[in-house]
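# A structural walkthrough
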Amino acid sequence: MTAVGSKCRVCKAPAVIDLPRHNAKFCAEHLQQLCRRQMAKAIDDFDMLSIDDRILVAVSGGKDSLAVWDMLIEAGYQADGLYVGLGIGDYSDDSGGYVRRFADERGLQLRTIDLRDDYGYDIPTASKATGRVPCSACGLSKRRLFDQAALDGGYDVVVTGHNLDDEAAVLFGNTLRWDIEYLARQLPVLPAADGFPKKVKPLVRLTEREMAAWCLVRGIDYVVEECPIAAGNRHLSYKESLNAVEANSPGSKASFYLGFLERMAPLLAGNSAAAAGALHRCAQCGSPTTGEVCAFCRLVEKSSAHEPVPVEMILPRRAKAGRR
Amino acid sequence: MKVLLRNPRREVEVAGGRSVDRLLDDLGLGREAHLVIRNGTLVPGDARLEDGDTIEVRPVISGGSA
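Residues numbered from 1 in each chain as written. Chains lettered and ligands numbered in written order. Predicted model: local features only at pLDDT ≥ 70, side-chain atom pairs only at ≥ 80, totals over all residues.

This part covers the overall build of chain A. When helices and strands are counted, chain A shows 13 helices and 10 strands. Taking 2.2 N^0.38 as the reference for a compact globule, 324 residues should give roughly 20 Å; the C-alpha atoms of chain A span a radius of gyration of 20 Å, in line with that estimate. Projecting the C-alpha coordinates of chain A onto the three principal axes gives extents of approximately 60 × 50 × 40 Å. Taking all 324 residues of chain A together, the buried fraction comes to 44%. Taking contacts inside chain A between residues at least 6 apart in sequence as the whole, the part at least 24 apart equals 69%. (Helix = DSSP H or I, 4+ residues; strand = E, 2+ residues; numbered from the N terminus. Rg over C-alpha atoms; globule rule 2.2 N^0.38 Å. Buried ≥ 20, exposed ≤ 12 C-beta atoms within 10 Å, placed from the backbone. Contact = placed C-beta atoms within 7 Å.)

Pasting the structure below:
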């Protein structure tokens, strides 16, 4: 026997989720309504998108990027996807499969780039060759390739699936270090600038629990497994810390991040390198950079000359233990 | 009841007759970081789980930023 649970705040149908930060429970239909309204509010409040924009969505196969692609299409936007194959063993193979199935089933346009085939390296090799932590090599590669693909493809804007938890965790880390340069740039909209496309984050008002629930009630199949290299990284520990605060004080993450945007970010405007006019052209590729040669060109040069490194060689200790 | 856990993927047997929130507490898992799926349907924290149910506890935290 299965007991009947509690009711949706809106329609009194059986609830599928409780959201303590809203002090409410919702059925599948009204959970979706909440998510749609939160995304629309973010888009309106920060002037992220116009309905006739050509949008490029950075998709990984995870819940957030597939959810935001789904939500934008449902809302009537014209959005193509871009998937970057990172060469992180079976994890990348699986992730790419989820993205391709999502696009195929919905008849959506998907662009793909493969780091190994197209640039001669992968993330494990880049980490070893450059001494960067893997997540840093990954982030640098993806940011650059998304920017380039958007500019080359004539897109108006790049959309990423960064959610409230992502942004609150980054804000937490930047605040712990009082990194004014990064804090000044931590905005949900980065306007187009010379050599950079406009970049926006429509999910900043939604948590990752809400995004996972969106995928479940919409029947979106996504990669649930965590990236094996990311296990135990600092970003995840910040999320765990913030969730501990949230458990005792629901709404804290939203208050922390959205309050920063409303009251602190305006005070920091003008403190980034771009705002200070410190950028010039990379001597090799012409992209904006603060150095002689940009970080991406330096990474590609070192990594493509390095012998390929299998993912197992750079797994964190915790992930290796879990595989035994 | 069978409970599927992720990261790493594994299955454990847990006695029924408890709520979703109680199951997460008993497994030492945070409510803000997990969803619970009962017999293929998402359920809220006060839903009752019984012997014979098939349960998935799905983590929702992901992160690849440095």
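There is more to say after this.
Turning our eyes to something else, we now look at the confidence of the model for chain B. Residues and elements named next belong to chain B. For chain B, per-residue confidence averages 93 on the pLDDT scale, and 95% of positions sit at 70 or higher. For chain B, the element scoring lowest by mean pLDDT is strand β2 (residues 10-13), at 95; strand β4 (residues 34-38) scores highest, at 98. Scoring of the predicted complex yields 0.93 for pTM and 0.95 for ipTM. (pLDDT = per-residue confidence, 0-100.)

It is worth spelling out the sheet that holds strand β5 (residues 41-43) of chain B at this point. Residues and elements named next belong to chain B. Read from one edge to the other, the open sheet built from five strands follows the order β2-β1-β7-β4-β5, with strand pairing classed as mixed. The open sheet has two edge strands, β2 and β5, and neither has a second partner. Between one strand axis and the next, the sheet turns by 30° as a mean value, whatever way the strands run. As paired strands, β4 and strand β7 (residues 54-59) are joined by five bridges and run antiparallel to one another. (Pairing = 2+ DSSP bridges. Axes fitted to C-alpha atoms, helices over the stretch in contact; angles between N-to-C directions.)

Residue and element names in this part refer to chain A. With five of its six residues buried, strand β3 (residues 54-59) lies for the most part within the structure. As judged from the six bridges shared by β3 and strand β4 (residues 78-85), these two strands associate in the parallel manner. Residue pairing across strands places R54 opposite Q78, the latter belonging to β4. You can see the chain leave β3, run along helix α2 (residues 63-74) and come back into β4, and the turn it takes is right-handed. Note that β3 and strand β6 (residues 157-159) share three bridges and pair parallel. When the sheet's bridge partners are listed, I55 is paired in β6 with V157. (Right-handed = clockwise from strand over helix to strand, strands pointing away.)

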